[in-house]
Amino acid sequence: MSPNLTYVIVVGVLVAAGVTLLLERSLTRVLMGVILLGNGANMLLLTGGRAGGPPIVGSTPQEEMSDPLPQAMILTAIVITLGMTAFLLALAYRSWHLNGHDEVQDDVEDRRIMDLADRDEVPDDDVDGDDDEETPTEDDRRLSATAKGGRTG
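Each chain carries its own residue numbering, running from 1 in the direction its sequence is written. Residue-level local features of this predicted model are given only where pLDDT is at least 70; pairs of side-chain atoms are given and counted only at 80 or more, and the full residue set underlies all totals for whole chains, interfaces and linings. Computation of side-chain values: all heavy atoms of the structure, hydrogens and water removed.

**Student:** Outline the confidence of the model for the protein chain, supporting the account with residue identities and numerical values.
**Tutor:** Per-residue confidence from the predictor is reported as pLDDT, a score between 0 and 100. Residues with a pLDDT of 70 or more make up 78% of the protein chain, whose mean pLDDT is 81. Between the elements of the protein chain, mean pLDDT differs from a low of 55, seen in helix α5 (residues 124-127), to a high of 94, seen in helix α1 (residues 5-22). What counts as a helix is a DSSP run of H or I of at least four residues, what counts as a strand is a run of E of at least two, and both are numbered from the N terminus.

Quick look at the structure:
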């Protein structure tokens, strides 16, 4: 039995939209991405099963029974998606409560790597082997304080 083309297109759209939303900075959009990706995975598992009667011995001949494995996998995927949704919802709520927004911020190392990429140069310790520390800038100090739990104003 070949899968229905409509199911395949719906799975592709759900997975593509879910991955696109997962790449965003807002936890609300990441949450929506996880939900769409979970639903896409459920639809994919649904298309893998054989259609037929209920898989109960005695009520349906064995050759006409549907495959119960995709059904069990879909139930497991639903539970995993529900757990991830609850966790991300708690993270988004906590971020909103503390910061007034739910965007994920860069940490100090991400900022340093972005600055190096902007200047298009290699760090000094990788070129000549010296372990000289750069003097931290005001932005580095503020990001470090934020990463340690302090607030900046």
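From this point, the discussion proceeds with the structure in view.
**Student:** Go over the packing of helix α2 (residues 27-48) against helix α3 (residues 68-99) with me, naming the residues and quoting the values.
**Tutor:** The geometry of α2 relative to α3 is characterised by a closest axis approach of 9 Å and an angle of 180 degrees between their N-to-C directions. By the angle class used here, α2 and α3 are roughly antiparallel. For this classification, Asp, Glu, Lys and Arg are treated as charged, while Ala, Val, Leu, Ile, Met, Phe, Trp, Tyr, Cys and Pro are nonpolar and the rest, including Gly, are polar. Across the contact of α2 with α3, the residue classes break down as 17 nonpolar, six polar and no charged. Every axis corresponds to a line fitted to the C-alpha atoms, with the helix fit spanning only the stretch in contact, and the corresponding angles, defined between N-to-C directions, vary from 0 to 180 degrees. When an angle is under 35 degrees it counts as roughly parallel; over 145 it counts as roughly antiparallel; between 65 and 115 it counts as roughly perpendicular; any other value is oblique.

**Student:** Which residues make up a nonpolar patch on the surface, and what values do they have?
**Tutor:** Exposure above 30% relative accessible area and the absence of a salt bridge qualify a residue for a patch, where like charges join within 9 Å and nonpolar side chains (Val, Leu, Ile, Met, Phe, Trp, Tyr) within 5 Å. Each accessible area is a Shrake-Rupley result for a 1.4 Å probe, and residues are judged covered by the shown protein chains and nothing else. One speaks of a salt bridge when a side-chain nitrogen belonging to Lys or Arg is within 4 Å of a carboxyl oxygen belonging to Asp or Glu. On the surface, L5, V8, I9 and V13 cluster together into a nonpolar patch covering about 380 Å² of accessible area. Within the fold, V13 resides in helix α1. When its relative accessible area of 52% is taken as the criterion, V13 is described as exposed. Categorising residues by exposure relies on relative accessible area from a 1.4 Å probe, with only protein chains included: less than 20% of the type maximum marks a residue as buried, more than 50% marks it as exposed, and the intermediate range marks it as partly exposed.

**Student:** Please set out the packing of α1 against α2 residue by residue, giving values where relevant.
**Tutor:** One can describe the packing of α1 onto α2 by two numbers: an axis separation of 7 Å at closest approach and a directional angle of 155 degrees. In terms of their interaxial angle, α1 and α2 are classed as roughly antiparallel. The interaxial crossing formed by α1 with α2 has left-handed handedness. Together, Y7, V10, V11, L14, V15, A17, G18, V19, L21 and L22 of α1 and R29, V30, M32, G33, V34, L36, L37, N39, G40, M43, L44 and T47 of α2 make up the contact between the two elements. In terms of residue class, the contact of α1 with α2 is made up of 16 nonpolar, five polar and one charged. Crossings are classed by handedness, with left-handed meaning an anticlockwise turn of the near helix from the far one by less than a right angle and right-handed meaning a clockwise turn. The criterion used for residue contact is that any of the two residues' heavy atoms lie within 4.5 Å.

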